[in-house]
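# Architecture at a glance
Each chain, letter by letter, is given below.
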Amino acid sequence: MSLQPGPVLPTAGMTFDQMLERVRYEGAYPTRERAGEIVRAVLAGLGRQLTGEERVDLAARLPVEAATVFASQVPAPQQLTGREFVKDLAARTGGTPATARWDTGTVLTTVGQLAGHDLLTRILAQLPSGYGLLFGRAELTQAA
């Protein structure tokens, strides 16, 4: 996973296999199956956090298999901060907070590319603090 600006690869029409391969490569996972487990866990978690038009619009931009995992989740009554999201993923997958942070960033960076700049901006505006970096974006705060 790289937070460095680089070439934005085209993602329109990305298949689920292509998505898994990108996550496998970016996250340095040993197999596509492992990448698939991570993608499903992170997308399920995101599906519990996102609501409204942003949820519908994102599902429309994801490969069908990814959209199904994402959209099948019932949104939680209370959204988690970015840090809580990572802790929740670690608990659900049996991983450590460090590996869950890596997994989340790897998947959400790809999801952010699929979403595109405008939709990602709307998604981040809806979510609590801490998600910007998970999607590979700097998160600036105003000084008091």
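Every value quoted in this text rests on a predicted model; they were computed, and no experiment measured them.

A few words now on the nonpolar core. Soluble globular proteins: nonpolar side chains tend toward being buried together. Of all hydrophobic cores here, the largest spans 40 residues; its most connected members are Met 19, Leu 43, Leu 58, Leu 62, Val 111 and Phe 135. Those elements giving two or more residues to this core turn out to be α1 (16-27), α2 (32-47), α3 (52-61), α4 (64-71), α5 (82-93), α6 (97-115) and α7 (117-126). Contact partners of Leu 62, with chain neighbours within four places excluded, come to Met 19, Leu 43, Ala 67, Phe 70, Val 111 and Leu 114.

Summed over all chains, the structure comprises one aromatic pair. The ring of Phe 70 carries Arg 55 above its face, with NZ or CZ at 5.4 Å from the centroid.

Our next topic: the packing of α1 against α2. Relative to each other, α1 and α2 sit at 100 degrees, their axes nearing to 9 Å. For the element pair α1 / α2, the angle class is roughly perpendicular. Between α1 and α2, the residues in contact are Phe 16, Asp 17, Met 19, Leu 20, Glu 21, Val 23 and Arg 24 and Arg 32, Ala 35, Gly 36, Val 39, Arg 40 and Leu 43, respectively. When the residues that make up the contact of α1 with α2 are grouped by side-chain class, the tally is seven nonpolar, one polar and five charged.

Quick look at unusual backbone geometry now. In this structure, Ala 28 takes a positive phi of about 60 degrees despite not being glycine. Tracing the sequence through the fold places Ala 28 in the loop between α1 and α2.

Turning our eyes to something else, we now look at the environment of Val 39. If you trace the backbone, Val 39 turns up in helix α2. The class of Val 39 is buried, set by a relative accessible area of 0%. Separated by 20 residues in the primary sequence, Val 39 and Met 19 place their C-alpha atoms 8.8 Å from one another. Setting aside residues up to four positions removed in sequence, Val 39 forms contacts with Phe 16, Met 19, Leu 20, Val 23 and Val 107.

The subject of this paragraph is the packing of α2 against α5. Put simply, α2 and α5 touch, their axes get as near as 10 Å, and they point 130 degrees apart. Relative to α5, the element α2 is oriented oblique. As for the relative orientation of α2 and α5, their crossing is right-handed in sense. Of the residues in α5, those touching α2 at Ala 41, Val 42, Gly 45 and Leu 46 are Phe 85, Leu 89 and Thr 93. Class assignment of the residues belonging to the contact of α2 with α5 gives a composition of five nonpolar, two polar and no charged.

Taking 1.5 Å of rise per residue, the 16 residues of α2 would be expected to cover 22 Å, and the 22 Å separating its terminal C-alpha atoms lies within 8% of that figure. Listing the buried residues of α2 in full gives Ala 35, Gly 36, Ile 38, Val 39, Ala 41, Val 42, Leu 43, Ala 44, Gly 45, Leu 46 and Gly 47. Its buried side turned inward, α2 meets α1, α3, α4, α5 and α6.

So, how was this worked out
Residues numbered from 1 in each chain as written. Predicted model: local features only at pLDDT ≥ 70, side-chain atom pairs only at ≥ 80, totals over all residues. Heavy atoms only, no water. Core = buried A, V, L, I, M, F, W, Y, C linked by side-chain atoms within 4.5 Å. Buried < 20%, exposed > 50% of the residue type's maximum accessible area, 1.4 Å probe, protein only. Helix = DSSP H or I, 4+ residues; strand = E, 2+ residues; numbered from the N terminus. Contact = heavy atoms within 4.5 Å. Phe/Tyr/Trp six-rings, centres within 6.5 Å; stacked < 30°, edge-to-face > 60°. Lys NZ or Arg CZ within 6 Å of the ring centre and 35° of its normal. Axes fitted to C-alpha atoms, helices over the stretch in contact; angles between N-to-C directions. Parallel < 35°, antiparallel > 145°, perpendicular 65-115°, else oblique. Nonpolar A, V, L, I, M, F, W, Y, C, P; charged D, E, K, R; others polar. Left-handed = near helix turned anticlockwise from the far one by under 90°. Expected span 1.5 Å × (residues − 1).

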